[in-house]
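Fold and geometry: a report
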Amino acid sequence: MTSTTSNINAKTYEASAARQVAFVGLGVMGYPMAGHLARAGHQVTVYNRTAAKSIAWCAEFAGASASKHALTPRLAAHQADVVFCCVGNDDDLAQVTLGADGAFAGMQPGAVLVDHTTASASVARELSTAAKNLGLRFVDAPVSGGQAGAQNGLLTVMCGGDQAAFDLAQPVAMAFSRAFTLLGESGAGQLAKMVNQICIAGLVQGLSEAIAFGQQAGLDMNQVLDVIGKGAAQSWQLDNRGKTMVANKFDFGFAVDWMRKDLGLVLDEAKRNGARLPVTALVDQFYADVQHMGGQRWDTSSLIKRLR
Ligand code: NAP
């Protein structure tokens, strides 16, 4: 991520009343998401553990609205109607929400925390209960669409929580969303994201085997992908990653380390609910192989490297 040039792209924002909002976690995803909130006219207070990113964000976006940065999640959340959050995992999420300097300690009664971290359904339920006990609201809201989706303001967001909390968050969150949909009670957003990752894991392995097979057979795989991409084998992964896999390029966003974190959440949940996921479990181990090959930060299409 560069901090000196804009990494968000032009977007037409739907009219929404300007709100006081906070954003906790200015990573690859959070930085551009918070940028869209500022561009849409909301007054954004940001917090990032590494303060240099907050300072860079303010230099880039504070001119778009009366935005600023704060030294703790609690201070960032203090006057916000909606507090957005996008950190790494369950433990990070607990650190920025709970405790004396956590966001919950600063929020006003009735305010909503919308969490975009990919985390477990159980932590979503725990935080929802903790929020209710404090007179606050919580929506679990993991995203799909990757870094490009965040930069373009076109994320697909899967939400769990109650209707009142969702209704407060949705008009504001459309600044960075293509779709922002309530799928059930607390935890339902995280469970839907797990469904998404199960789909992707099996599909990327299938695409890897197909491309490796075609190359082994001496076919022009760019041409083959053009042809089969117009038939029943078409997929987002084939359209967007197929030719980069042929070219042996793996620097396209969602990293293998993140995928292993997500598949860990999926497999834990499957132990609880009894779902059988033989292919997902196998692909998780294939991603472990990729990590051992040095591919922790390669994008998820690097599964094909095991086959070459
Ligand atoms: P990232 O670039 O590594 O950013 C993580 C952010 O969380 C950083 O701002 C980091 O602060 C902060 N953070 C981590 N631990 C923290 C803690 N204990 N206390 C306070 N702040 C903490 O990650 P990302 O790519 O934005 O991903 C964020 C989440 O979105 C993950 O759950 C990921 O699985 C999910 N996601 C990512 C993508 C993608 O394509 N990248 C797509 C869909 C979903 P520092 O700057 O101080 O490190």
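Residues numbered from 1 in each chain as written. Predicted model: local features only at pLDDT ≥ 70, side-chain atom pairs only at ≥ 80, totals over all residues. Heavy atoms only, no water.

1. A closer look at the domain arrangement of the protein chain
If you check the domain split of the protein chain, you get domain 1 (10–184) and domain 2 (192–307). On a C-alpha basis, the centres of domain 1 and domain 2 stand 29 Å from each other. Facing 14 residues of domain 1, the contacting portion of domain 2 comprises 11 residues. Where domain 1 abuts domain 2, roughly 860 Å² becomes buried across the two surfaces, and 65% of that area is made up of carbon and sulfur atoms. Three residues stand out in domain 1 for area buried against domain 2, namely G88, T118 and M158, and they jointly supply 42% of the buried area on that side. The tally of links from domain 1 across to domain 2 stands at 0 salt bridges. For the interface between domain 1 and domain 2, the tally reads 3 residue pairs in polar contact (both at pLDDT 80 or more). Only helix 6 (121–133) and strand 7 (143–144) provide two or more residues apiece to the side of domain 1 that touches domain 2. Here the residues of the side of domain 1 that touches domain 2 are counted per class, giving 6 nonpolar, 7 polar and 1 charged. (Domains from an automatic or database assignment. Contact = heavy atoms within 4.5 Å. Buried area = accessible area lost by both parts, 1.4 Å probe. Salt bridge = Lys/Arg side-chain N within 4 Å of Asp/Glu carboxyl O. Polar contact = N/O pair within 3.5 Å; in protein donor to acceptor, adjacent residues only side chain to side chain. Helix = DSSP H or I, 4+ residues; strand = E, 2+ residues; numbered from the N terminus. Nonpolar A, V, L, I, M, F, W, Y, C, P; charged D, E, K, R; others polar.)

2. Let's talk about the pattern of salt bridges
Per the counting criterion, the structure on display carries 8 salt bridges. With its nearest N and O atoms 3.9 Å apart, the salt bridge here joins D268 to K271. Here K271 and D268 lie together in helix 12 (residues 256–273), a separation of 3 residues that amounts to about one turn. Accessibility expressed as a relative area gives 38% for D268, which makes it partly exposed. (Buried < 20%, exposed > 50% of the residue type's maximum accessible area, 1.4 Å probe, protein only.)

3. Some remarks on the packing of aromatic side chains
Within this structure, the stated rule accounts for 5 aromatic pairs. Ring centres 5.2 Å apart and planes at 40° place the aromatic pair W57 and F61 in the tilted group. Placement of the pair is W57 and F61 together in helix 2 (residues 51–61), with a separation of 4 residues, close to one helical turn. F61 matches W57 in its accessibility class, with the two residues each being buried. Aromatic side chains F166 and F180 sit 5.4 Å apart centroid to centroid with 25° between the ring planes, which places their arrangement in the stacked category. Here the residue F166 occupies a position in helix 8 (residues 163–173), and F180 occupies one in strand 9 (residues 177–182), the gap between them amounting to 14 residues. The exposure class assigned to F166 is buried, which follows from its relative accessible area of 9%. Through a chain of ring-to-ring contacts, the aromatic side chains of F23, F84 and F176 assemble into a single cluster. Seen from the ring of F254, K193 lies directly overhead, with NZ or CZ sitting 5.9 Å from the centre. (Phe/Tyr/Trp six-rings, centres within 6.5 Å; stacked < 30°, edge-to-face > 60°. Lys NZ or Arg CZ within 6 Å of the ring centre and 35° of its normal.)

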